[in-house]
Structures are given as structure tokens and as C-alpha cells.
Amino acid sequence: MAQQILATLRTSASLVGVAFLPYYIAAVGEVVLRQPSAGSHSYITDFFAVSAMTLESQIRAFFILINLKFYFNYLTSTLSEYVDRENKILACDAQLPRKGIMPVYPEHPWLASHYYQQVVFPEDQKPFLEINVLNNTGNSAEIDPPEDIPEWVNLYQTLSDNRMDKLTIQIQGINNNLLKLMMSGDQVSEEINLLIDAEADVQWDLETITTLCSHFQEDKVYSLFHGQTLKAVNRAIENTMSGNTAEREVFSPPLTDVLKSQKGAAVIGLSSSQNNPVSRLVYSDHDLFTHHPGFLLLTDSSQHSENLFSLALSTTSDRLATGISSQKIWRQDHINDLMSLLQMGTGHLFYHSTNTYLARSSNFGATPSPQQSNSFKNSLSNVRESTTQLSKRSAVPVFFRSLTHNFKEMAEAGKSPLRNRQHRQDVSEAGVDSGIIAGSHVATPLVSGERTVNKHIKYGDKFIMVNHLFDEDLLKMVNEEVDKDRRLFDADFLKSEIDKSTAYEFEIPKNDVFDRILVSFQRANIRHSTLLHSRNQNLISHFDENGKIKEKEAFKKNIIHTRSEAVKELCCQALEKMADSLDWSGKKVENIKFWIIRYPSINADSFEGFFFTPRNVVDMPWHRDKGLASLVVQLNDNDCEIEYSGGGLNIGQSSSPEFAVDSPDEGTKETHRYKRNCGFIFTNRKGLVHQCEDIDFKSSNGQKKVAEKRIMAVLADDW
């Protein structure tokens, strides 16, 4: 029944607007377009003129319509909330899967001013905790951090120091023995796997609340909000950012007491300290008036557990929790309600202002007599003939004429906002850099049908194929030096190094040419990365007017993790090719990074008895690079001991602004092939994302036969 009433109200609100539409089309024609001189006869306007509607009454009726529609919407919204409450009760009884976003309310002002947290429940993934770092200015910067939560303070400092503004924590792995950490920020993106030694029969808090009105049935639980968990997360981030990945501990999370629990409500004790402002975690699904699936409240132990549990069981628990919280969040439903009120209030204000203005200006230069009609037609008929320039203009109200006059002046000066906007749209669609026309006084629109598409633009980013990038003799010399290290094909060596590190990324001992060599298992794919730059130094290059590196020898000394002059020269040639392609002449480029990346293929039988079977470049992640500009080039031939296909560069468009994305937008995926000494230069400012294409290695009977895809990658920031 309620659903039927709701549908009727929604239809009525739409019908009000549709029913009045012909009237207002005719009214506008009567008010604006009709001139005092003789012209074509309008039976439609005559019909509505018979109603003797004055301009004032027309405006009044128009805003009555707006208010009427507002009241219809308000009534619809009220009934919709009632229907939502009914649906929420049914969903709670059925314990349906939780979807959407669950807010995390902090009671302490320091937490509220430094973090914005929420739990996200994707449809096809496990839930994850999203911690957003807030920029502190003004009064919030003066709030002293609490002494009893150093783990929150240290985590904030670590994320801020590394220019990270978002951290997500997700429970993954077999038997939930892994915390997946993903950090992103200002040109920074990192992914860390933190191994966990936990009891298999004890759940994490986020695991327990995956359904509506969940029930913490056990008296112990693991919590992502526990101080020891945050401390381990912070330590893992610090080790990764400092490059100390050789030794990384396995984290044993502490057990947390479930103090009170019932279906859809719980109180969890995070700390026994009386002064700890994050010593209690309250979970509630009982508020029937919210537009989101439940909430979590971080509070202290000043309130007895019984009182907090009563709050969680209340049907207005969300309103009570937001009253306790020091963080006020504007949700979409709040914004919608505010906009409706503003529309109604603005409508009243605009009506009275317009009515007053027209009353003053309806008779140009004359004082209106009491006998004059208020209608716009009568106002036009009372305009006195004159030989002045004013009377030679069309008899259009000052309100409209002044607007038209200003617009005409702007158009004559080449400043028309519509004209410039259309030109910018044409240029954007043509793929041309809008900065080229920024200094033009008058924009010249492109001729229709002759629009040129820039072939070097992909999804708003530059994407340029480069051939014969390096000097052949130099490339041959570098490949010979790289070939000397065959440890990445030694399964026994890899297994022994993994056993030492207990991590999915580890550093192996240096060789004769390179000092920093990292081996990682990215989605079970073996990746051998040779780091050439320093992670602790901002590598900068200045280019002359020809796009060549100034003081090249001094620049080479900062490529510190190789002793090979050939490799250093290769880095310089790559950077100068980027400068030529991206027009860096006379500019400074920062945060330059160099890698030589090797993807080996090893017979799977070589890893017999290993705790997982490495894959050979399959299902690599889609992402944006951590620099504004990138170069990737293949160094070796495709001819190997094992025949293979694939291994190119997949590109696509993503509307998500994140560095790591699940997949590109549908229908945008493209594949571009590598060849020896050929590659691609592209920017990472807009919608372009990329992925290493899957490699299909032909099966081989010999375990000793191997193959390799060898890539050089360069990143830089050209502000």
C-alpha cells in the first residue's frame, strides 16, 4: 500500500510540471517575444491573455508551482523514508549482504580533525577500512594529540610525511592470514601485503558485519581499530617507504573482548585504559531513519558498556552517535534536503526582487500613474514615443535589454562565454592542448567537418610510440651486463630467499653491476626490479633549449645504484627522448626514477613443493604510474629459449582517479606490442590507465629452458 501511494505522489509531482508547461511557454512568448508593432497574430497568446493574467500574477503562479512541486517532493520523501524503514526491517530479519558505505564516527576532536574513516562494502569483494588523511589548518591544527593513542598519531605522521592521503586495509589470504594495505596520494601509490599469524576460528570485526544486523556470537574478535594492529600497519608502511623490505615480521594480532552483543548491536573493548579515547568500538544497525547501512563509533570508556549498548539498540542510534561524534558529515540526503529548502527560499526572494524591479522600470523615464495596469502588455503600450536613441530600441524590458546589451558587448570584444566555451569544447574534442590558445584574444572556432584528431592523445593523456630509442651498440652492451645475473631463473635460489624474508617483496644481494635488486610476487607473477635511483633523494634534471640534459656528468652521479657507465648513459638517452617527445626544452623535471624490470618464465615443475606456484605474467594489475610522465621500452629480443606471445602494453580509460583500478571502462581496452628498442611515452594526468598484457609461453619439456621480457621504465614529474 505504501509503495502504491509513493508511486502516485511521484507521478503527481511530475504531472504538475507537465500540466503547467504549455501555459508558461505561451506566457514567456507573450512577455518576452511580443513587440508593440504590428506582427503575426497569435491565437495561443490571445487565449491565455483572455485569462487577464498580469506579469505579476504570472510570476506568482510560477513560484507557486515551484513551491507546490517542493511540497510534493517533501511528501514523497517522507513516505519514501517510511518505505525504507519497512524494507530495512525486512532486510535486517533476512540478514541480507551489506552494501554501500558504513561511516566511522570519532568522538575525540583530534581524530575528527585528522582522519575521515568509513568501511566500504563492495558487491564482489571483501569489505575494507578506508582511512582518509585530512589536511590540518586553522583551529584544527591547534588540537593536541592524545597521549594514549600514539599509534594513531604515528600513523598520521607517516602518511603525511610520504604525501599519502588515503590508506585502505583489507583482510585477505587463505584463512584470512593477510592484511592488504593500499596507500595513495600526491604522486604516491603503494601496495603492501602484511602477513598475519592469527587463529583460524577467530574472526575480524569487518568479517563479522558483512550482513545486515550481524551478531558477534563469540566473546573474542580481532579488530582493525586495535592499537597493535595500527602499529603493525604503520611499521609496514615505514619499512616499505624506506626501502627496508629485506626483513619484515609476521604480525600476531591481539584478541579483543566483545563486551556486549546482540543481533545488530555490539560493544567491543579496544583498550583497558581509562584515558584512551579509542577504547570502545560501538556497532549498530538499529537506526531505522538512516540512509546508510549502520555505523561504527570510536569512543572512550567514560560511558559504561551498558549505556553504550543501549545507544546501539536504540532506533535513533545514528542520531545519538552523530551527537557524540566530533565530526559532522554532510551526506547526500542532507545535501538534497538543503537544496530543496534553498530552492523554495530562493524562489520567494527572486519573485519579490523581480516584481519590485519591474514595478520601477515598467515605464521608461516616466512615473507610473495609479491608473496604470500592472500587466506587461499595458506597460508596453504606455511607453511614450520620443526622438531619443532610447526609444529607437525595441520595446523590451530593461531587465532583459541590459542583459542582452552586456552580452553583445562581450561578444564584440571576443569575450563571449558561450563562444569561448564552445571553442574550448571543439579544441578538447580535437585532442589539442588547450594551453595553445590560452593567450588568444579572440577565439577562432574550428570549421565544422574539418576537425582534426591528435593521434598522440589517448583518453586525455599523451600517448606516443617511440622506435629505435637507444644507440644499438650501447643497448647491446647494457643487455650483456644485465644477462650476467641469472639468479631470477634459479627456482631454488628464489625459494631460499623467500624463506628468509617471509614477505612478498624482498631484496636479494647485489651483483657486480647493480646494488638494489628487488624480487616481488605481484599476483603470483615473478618480477625482478633493478632500482637505479635513490628512494631518499629527489632526482632533478634541467634541460637546455635543445632538450638535452644540462651537466649530464653531474646528473649521472645521482644514478647511484649501478656502477655501469653504459647503464647510466642509457638512462640519459631515455630521459632525453622523453624531453623531445613531451617538449621539456628549457624546463626542469623532478622526481625522476629509473628501473630495469625483468619478467622471467620458469617451468612450473621447478617450484614443486613450493607454497604457491608462480605464474608467468598473467592478470597483472591495471594502474596509473606514480609520476606525471612515463616511458616504457623493451630492451631484449622476443626470441627466447621458450617461444611466447603477448607481453605488450594494454591501455584503457578509467573514470576512477585512483592509481590502482580494477579494470578500464568497458570498450576502451587497446593492446600495443613491444619490439626490441621500441616502446611508449605517455602521461598519467587524465583517464589513461595501463597494464602489462598477459604472456602466453609455449610449454617446454625441458625445465632448464627459460624466457624473459625485459623492460626499462622511467618516471618523472614535469610540473
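Just above sits the structure.
To keep things clear, this report deals only with the structure shown in the data block. Keep in mind that this is a model prediction, so the values were computed, not measured.

Re the state of the cysteines
Then, number 1: This structure, assessed with the given rule, holds 0 disulfides.
Then, number 2: Between Cys572, a free cysteine, and Cys571, which holds the nearest cysteine sulfur, the sulfur-to-sulfur gap is 6.8 Å.

A short note on empty space enclosed by the protein
Then, number 1: This model, assessed by the stated rule, comprises 2 cavities of 30 Å³ or more.
Then, number 2: Considering only enclosed or pocket space, the largest cavity measures out at about 50 Å³ in volume.
Then, number 3: Every residue lining the largest cavity is listed: Glu481, Val482, Asp485, Asn511, Phe514, Ile517, His528, Thr530 and Arg598.
Then, number 4: Those elements giving two or more residues to the lining of the largest cavity turn out to be helix 14 (472–483) and strand 16 (525–531).
Then, number 5: Looking at the lining of the largest cavity residue by residue, the class counts come to 3 nonpolar, 3 polar and 3 charged.

Thoughts on the packing of aromatic side chains
Then, number 1: Tallied over the entire structure, the rule returns 12 aromatic pairs.
Then, number 2: Relative to Phe594, the ring of Phe555 lies with its centre 6.4 Å away and its plane at 75°, an arrangement referred to as edge-to-face. Here Phe555, found in helix 16 (residues 552–556), pairs with Phe594, found in strand 18 (residues 588–601); they are 39 residues apart in sequence, far enough to count as distant. Each member of the pair, Phe555 as well as Phe594, is classed as buried.
Then, number 3: Taken together, the ring pairs in this structure connect Trp110, Tyr115, Trp152 and Tyr156 into an aromatic cluster.

Regarding the side chain of Thr256
Then, number 1: Within the element layout of this structure, Thr256 appears in strand 8 (residues 256–262).
Then, number 2: Looking at Thr256, the relative accessible area reads 1%, which means it is buried.
Then, number 3: When sequence neighbours within four positions are dropped, the list of residues in contact with Thr256 reads Asp219, Lys220, Val221, Ser223, His226, Ile268, Gly269 and Leu270.

Re the pattern of salt bridges
Then, number 1: In the structure shown here, the tally under the stated rule is 23 salt bridges.
Then, number 2: Arg710 serves as the salt-bridge partner of Glu708, at 2.8 Å between the closest nitrogen and oxygen.
Then, number 3: We classify Arg710 as buried; its relative accessible area is 2%.
Then, number 4: Overlapping salt bridges bring together Lys548, Lys552, Glu553, Lys556, Glu569 and Glu576 as one network.

Observations concerning the pairing of strand 11 (residues 295–299)
Then, number 1: Most of strand 11 sits out of view: 5 of its 5 residues are buried.
Then, number 2: Side chains Phe295, Leu297 and Thr299 project from strand 11 onto one buried face, and the interleaved Leu296 and Leu298 project onto a second face that is buried too.
Then, number 3: Pairing between strand 1 (residues 100–106) and strand 11: 3 bridges, direction parallel. Bridged to Pro106 within strand 11 is Leu298.
Then, number 4: For strand 10 (residues 280–284) and strand 11, the ladder comprises 5 bridges, and the chain directions are antiparallel. When the sheet's bridge partners are listed, Leu281 is paired in strand 11 with Leu298.

Rules of the game
- Residues numbered from 1 in each chain as written.
- Predicted model: local features only at pLDDT ≥ 70, side-chain atom pairs only at ≥ 80, totals over all residues.
- Heavy atoms only, no water.
- Disulfide = S-S within 2.5 Å.
- 1 Å grid on protein atoms, 1.4 Å probe; cavity = no way out; pocket = protein on both sides within 12 Å on 5 of 7 lines; lining within 4 Å.
- Points joined across faces, edges and corners; volume = space filled by probe spheres on them.
- Helix = DSSP H or I, 4+ residues; strand = E, 2+ residues; numbered from the N terminus.
- Nonpolar A, V, L, I, M, F, W, Y, C, P; charged D, E, K, R; others polar.
- Phe/Tyr/Trp six-rings, centres within 6.5 Å; stacked < 30°, edge-to-face > 60°.
- Buried < 20%, exposed > 50% of the residue type's maximum accessible area, 1.4 Å probe, protein only.
- Contact = heavy atoms within 4.5 Å.
- Salt bridge = Lys/Arg side-chain N within 4 Å of Asp/Glu carboxyl O.
- Pairing = 2+ DSSP bridges.

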